[in-house]
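The lines below spell out each chain.
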Amino acid sequence: MTKIPEKAPDIMKTITRRTTLLLAALVAGLPTAASAQAERSITVYTSQPTEQMAAVIEAFNADHPDITVDLFRSGTTEVMNKLQAEFAAGNVQADVLLIADTLAMTKLKEEGRLLAYADAPVDTLPDALVDPDRTFFGTKLITTGIIYNTDLVETAPASWQDLLAEDVASSLIMPSPLYSGAAVIHVGTMVQQPEFGWDFYTALADEGAVAGQGNGSVVEAVARGEKAYGIIIEYMALNAKAKGSPVDFVFPSEGVSAITQPVAILKDSDAIEAAKTFVDWQLSAKAQEQSVEQGYFPVIEGMAPPAGYPDPASLTILEADDALMLKDEEASKREFADLFGG
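In every chain, residue numbers begin from 1 and rise along the written sequence. Side-chain atom pairs in this predicted model are given and counted only at pLDDT of 80 or more, local residue features only at pLDDT of at least 70, and totals for whole chains, interfaces and linings cover all residues. Think of the side-chain values as coming from all heavy atoms in the structure, minus any hydrogens and water.

Details of the overall build of the protein chain
Inference 1: Where helices and strands are cited, they refer to DSSP runs of H or I of at least four residues and of E of at least two residues respectively, numbered from the N terminus. The helix and strand tally for the protein chain stands at 13 helices and eleven strands.
Inference 2: Only protein chains enter the accessibility calculation, which uses a 1.4 Å probe; a residue is then buried when its area is under 20% of its type maximum, exposed when over 50%, and partly exposed in between. The proportion of buried residues among the 342 residues of the protein chain is 48%.
Inference 3: In what follows, a contact means two residues having at least one pair of non-hydrogen atoms within 4.5 Å. In the protein chain, the share of contacts with a sequence separation of at least 24, taken over all contacts with a separation of at least 6, comes to 76%.
Inference 4: Surface accessibility in these figures is a Shrake-Rupley result with a 1.4 Å probe; residues are shielded only by whichever protein chains are displayed. Summed over its atoms, the accessible surface of the protein chain is roughly 16,600 Å², and 52% of this surface lies on carbon and sulfur atoms.

Here it is as structure tokens:
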């Protein structure tokens, strides 16, 4: 009969404890199935219409079926409010941001919220669409002009000044910068033009022009005939026209304001590589071709715009001081709200 040494139980305890610690260390060092899945799942916060984003995700997943994309969609202002609340709570859900407003992106950059993506594939993009520190990148050219109801209007307006006529302004609706990032840029651009300024908006308000919420509220009101005229981003008006709504769109003779719908990665994302893959795809020729199908001007030189659109090189883009616009943004929103409510 073999005699077991008296100290055997202590030795076994020590071996068991070391084995447990070793296994724990190995498990901690290895990605679990849950963490690996999290790194292949991203959440995109966007102001692009839901129907369009569903098509974007479908096309993206055709190339990258291993990455799950969740979506939160609203107007740029609400997107930013949600994001700021998550920053304050220390619980940011977004990995990628795709919004209309370069001012909002600039604010996030200055707050240190965006990831610098030095290797982003930007070779085909105009330099003006690439943030110098490569924290955000323009994906589209979207302009703001005039929509009108073709059943209600005999002579289409040709200029911004034409909107000041009493019978026009009294049936005019526009998006509010309190809801829309594109409207923030448009109002900020118009009030910097010497021939317009706040006098232009004061005159519109005096003649009965009203503000809706986002650009969607404008196209709906004009298409239904509730209003004869509207100020709106071009693709919503021209897409509605293509679907048979009694509307048409004018690029005003003085020029148009423009936005670039930038995309960016949140610095605290826990799925950086998957987020970079999504951004890469957004900047690709394939994504640009889909954007054209959805009614956007392309940003890659040489790519044809949607049927019926003018050559983007023929457009007059109103110049604006972005730094001044950013400085005055909150004051501009208050001024607009004083005139039109909200």
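Concerning the packing of aromatic side chains
Inference 1: Each Phe, Tyr or Trp ring (for Trp, its six-membered ring) is paired with any other whose centre lies within 6.5 Å, and the angle between the two planes then decides the class: stacked below 30 degrees, edge-to-face above 60, tilted in between. Summed over all chains, the structure comprises 13 aromatic pairs.
Inference 2: The interplanar angle of 55 degrees and the centroid separation of 5.3 Å between the aromatic rings of Tyr 45 and Phe 72 together place this pair among those described as tilted. Taken as a pair, Tyr 45 in strand E1 (residues 41-46) and Phe 72 in strand E2 (residues 68-73) lie far apart in primary sequence, 27 residues in all.
Inference 3: Under the relative-accessibility criterion, Tyr 45 is labelled buried at 1%.

Some remarks on the sheet that holds E2
Inference 1: As summarised here, the arrangement of the five strands in space is E2-E1-E3-E11-E4, forming an open sheet in which the pairing is mixed. Strands at the two margins of the open sheet, each flanked by one partner only, are E2 and strand E4 (136-138). Looking at each pair of strands side by side, their axes are set apart by 20 degrees on average, direction ignored.
Inference 2: Pairing of E1 with E2 involves six bridges; the strand directions are parallel. Paired with Val 44 across the bridge in E2 is Leu 71.
Inference 3: Fitting a line to C-alpha atoms yields each axis, with helices limited to the stretch in contact; the angle taken between N-to-C directions then spans 0 to 180 degrees. Sitting on the sheet, helix H3 (residues 50-63) is in contact with E1, E2 and strand E3 (96-98), with an inclination near 165 degrees to E2.
Inference 4: Running at roughly 25 degrees to strand E11 (residues 262-265), helix H5 (residues 102-110) makes contact with E3, E4 and E11 of the sheet. Two strands qualify as a pair provided that DSSP identifies no fewer than 2 bridges between them.

Shape is all these values report; function is a separate question.
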